[in-house]
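# Per-entry structural report
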Amino acid sequence: MRTARSLLCPILVLAAMAPSVYGHLSFNLVVDAKGNAYFIDIFQNSLMKVAPDGVASELVDLRSLAPEERLHALAIDADGALYVGGYYLDTIWKVSESGTVSTFFPVPDQTPPVNEILHLAFDASGALYVLEWAYTPMEGQARRFRVLKFSDPGEAPVVLLMSHADDDDFVDFHVGSMAVSADGTVYLSGDHRILKLQEGRKLEFAGNGERGFADGKGTEARFAYPYGMALDADGNLIVAELSGRIRKITPEGVVSTLTGSEERGDLDGTLKEARFEAAFAVAIGPHGRLYIADYAHKKEYRIRIVDDGRVKTVARIPTDGTIRK
């Protein structure tokens, strides 16, 4: 059994719910066409698989790829292949369904085009989007970041967004996570709001940066630590809040609460009854089923499914590394 190495990260400071939870590491959940859910256990540096029957196993020991660093960025393509990257790393690895690992990029003789990867996502065309740190900020400012689009791993990326110190929208924006729609629209969560990048324009999509709770349209809505996001078949953006709620944002920017409450807990049941400790990621699985990754501090990860108006926990994965191949 492996023991977890210490790591300063968002999950370890959830109790304080400080703004610094954004911009350290991304936590991702993806689901394949068969209903297998995958996430990275950052404490054990392990790519985990949860089968539809709830059986959890280790797919890849990520220490074999980066012994001194932790991989945390995770994406899935249309064919079900997984892609992993990490902080302080300039490599993205591809993982097959069986756990076979290969280098996706940089390709041979290519200068690594990325560094310090936070999040990965694909659009419907197969283009890869990378959210990464850009450079160290001046004292008192949020760290700068970039959104890159790779239509081909061997070609130079298109820079969709480069945050700047003189941009008021980003001076204090601690980016948390990224989602990409089928048509390539990029959504960023962070600092109690959701930003939208579309056709080269940066838009305030939902929330206004003030922590709180309110359903409503656009900047009238309030969020409390929005983090992981996913898009459903209707173009609705589903958002996991570390404060214990799951929110839905329509393409028009109308925000509603799907499930959860400010009262945290470990409770299955109807959408109104269900309680979460710290929902950090969401994914859409087969038949539009919503998967939620929840976390109990220093205890376990929980994979939960919303089906027929009810929330059900299908797997509990201890953070102590006791679940392995």
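This structure is a prediction, so every number in the text was calculated from the model and none was measured.

To continue, consider the overall build of the protein. Per the secondary structure count, the protein includes zero helices and 26 strands. Of all 325 residues assigned to the protein, the portion counted as buried reaches 58%. Across the protein, contacts joining residues at least 24 apart in sequence account for 46% of those joining residues at least 6 apart. In the form shown here, the protein has an accessible surface area of approximately 13600 Å², with 48% of it arising from carbon and sulfur atoms.

On inspection of all chains with the given rule, the structure shows 10 aromatic pairs. Between the aromatic rings of Phe 104 and Phe 105, the centroid separation amounts to 5.8 Å while the plane-to-plane angle is 45°, which identifies the pairing as tilted. Overall, Phe 105 belongs to the buried group, its relative accessible area being 0%. Grouping aromatic residues by their ring pairs yields a cluster made of Phe 39, Phe 43, Phe 280, Tyr 295 and Tyr 301. Positioned above the aromatic ring of Phe 213, the side-chain terminus of Arg 245 is 3.7 Å from the ring centre. Just above the ring of Phe 223 sits the side chain of Arg 247; from NZ or CZ to the centre is 4.8 Å.

Read across the open sheet, the four strands follow the order β13-β14-β15-β16; overall the sheet is antiparallel. Of all strands in the sheet, those with a lone pairing partner are β13 (175-180) and β16 (201-206), marking the two edges. On average, adjacent strands in this sheet sit at an angle of 25° to one another, irrespective of strand direction. Taken together, the five bridges between strand β14 (residues 186-190) and strand β15 (residues 193-198) define a ladder with antiparallel strand orientation. Pairing of Ser 189 across the sheet is with Ile 194, part of β15.

Side chains that are nonpolar tend, in soluble globular proteins, to be buried together. In this structure, Leu 29, Leu 47, Leu 82, Val 84, Ile 303 and Ile 317 are the most contacted members of the largest nonpolar core, which totals 42 residues. If you tally residues by element for this core, the top one is strand β2 (residues 37-41), at four residues. Discounting residues that sit within four places of it in the chain, Leu 82 has contacts with Val 30, Tyr 38, Leu 47, Leu 59, Leu 74, Ala 75, Ile 76, Trp 93, Lys 94 and Val 95. In this structure, Ala 127, Tyr 129, Leu 161 and Val 186 belong to the second largest nonpolar core, which totals 18 residues.

For the rest of this paragraph, the subject is the pairing of strand β6 (residues 82-86). The buried fraction of β6 is high, at five of five residues. In the sheet, strand β5 (residues 71-76) pairs with β6 via five bridges, with the strands oriented antiparallel. Within β6, the residue paired with Ile 76 across the bridge is Leu 82. Taken together, β5 and the strand that follows it, β6, pair antiparallel across an intervening segment of five residues, in which Gly 80 is found at a positive phi of about 90°. Counted along the chain from β6 to the antiparallel partner strand β7 (residues 92-95), the turn is five residues long, and its residue Tyr 88 has a positive phi close to 70°.

The subject of this paragraph is the sheet that holds strand β22 (residues 269-270). Strand order in the open sheet formed by five strands is β22-β26-β25-β24-β23, with antiparallel pairing between adjacent strands. Unpaired on one side and paired on the other, β22 and β23 (281-284) mark the two borders of the sheet.

A few words on the environment of Asp 294. Following the sequence through the fold, Asp 294 ends up in strand β24 (residues 290-296). Sequence-wise, Asp 294 and Gly 244 are 50 residues apart; in three dimensions their C-alpha atoms are separated by 8.8 Å. Setting aside residues no more than four positions away along its own chain, Asp 294 makes contact with Gly 265, Phe 276, Glu 277, Ala 278, Ala 279, Phe 280, Glu 300, Tyr 301, Arg 302 and Arg 304. A distance of 3.2 Å separates a polar side-chain atom of Asp 294 from the backbone nitrogen of Ala 279. Separated by 3.3 Å, the side chains of Asp 294 and Arg 304 make a polar contact.

Turning to the pattern of salt bridges, a few remarks are in order. Applying the stated rule across the entire model yields 16 salt bridges. Between Asp 294 and Arg 302 there is a salt bridge, and its shortest N-O distance comes to 3.9 Å. In this structure, Asp 294 and Arg 302 share a single accessibility class: buried. The salt bridge partner of Glu 300 is Arg 302, with a shortest N-O separation of 2.7 Å. Overall, the relative accessible area of 9% leaves Glu 300 in the buried class. Taking relative accessible area as the criterion, Arg 302 reaches 2% and is therefore assigned buried. Each of the salt bridges in this network shares a partner with another, and the network as a whole consists of Asp 266, Asp 268, Asp 294, Glu 300, Arg 302, Arg 304 and Arg 316.

Turning our eyes to something else, we now look at the confidence of the model for the protein. Considering every residue of the protein, the mean pLDDT works out to 85; 83% of them sit at 70 or more. Mean pLDDT across the elements of the protein bottoms out in strand β10 (residues 128-135) (83) and peaks in strand β20 (residues 245-249) (98). Residue range residues 1-25 is modelled with pLDDT below 50. Its contacts to residues more than four positions away, or to other chains, number 78 contacts.

Structurally, His 174 is set in the loop between β12 (158-162) and β13. Residue His 174 is classed as partly exposed on the basis of its relative accessible area of 25%. Between the C-alpha atoms of His 174 and Phe 145, which are 29 residues apart in sequence, the distance is 9.3 Å.

What counts and how
Residues numbered from 1 in each chain as written. Predicted model: local features only at pLDDT ≥ 70, side-chain atom pairs only at ≥ 80, totals over all residues. Heavy atoms only, no water. Helix = DSSP H or I, 4+ residues; strand = E, 2+ residues; numbered from the N terminus. Buried < 20%, exposed > 50% of the residue type's maximum accessible area, 1.4 Å probe, protein only. Contact = heavy atoms within 4.5 Å. Areas by Shrake-Rupley, 256 points an atom, 1.4 Å probe, with all protein chains shown as cover. Phe/Tyr/Trp six-rings, centres within 6.5 Å; stacked < 30°, edge-to-face > 60°. Lys NZ or Arg CZ within 6 Å of the ring centre and 35° of its normal. Pairing = 2+ DSSP bridges. Axes fitted to C-alpha atoms, helices over the stretch in contact; angles between N-to-C directions. Core = buried A, V, L, I, M, F, W, Y, C linked by side-chain atoms within 4.5 Å. Polar contact = N/O pair within 3.5 Å; in protein donor to acceptor, adjacent residues only side chain to side chain. Salt bridge = Lys/Arg side-chain N within 4 Å of Asp/Glu carboxyl O. pLDDT = per-residue confidence, 0-100.

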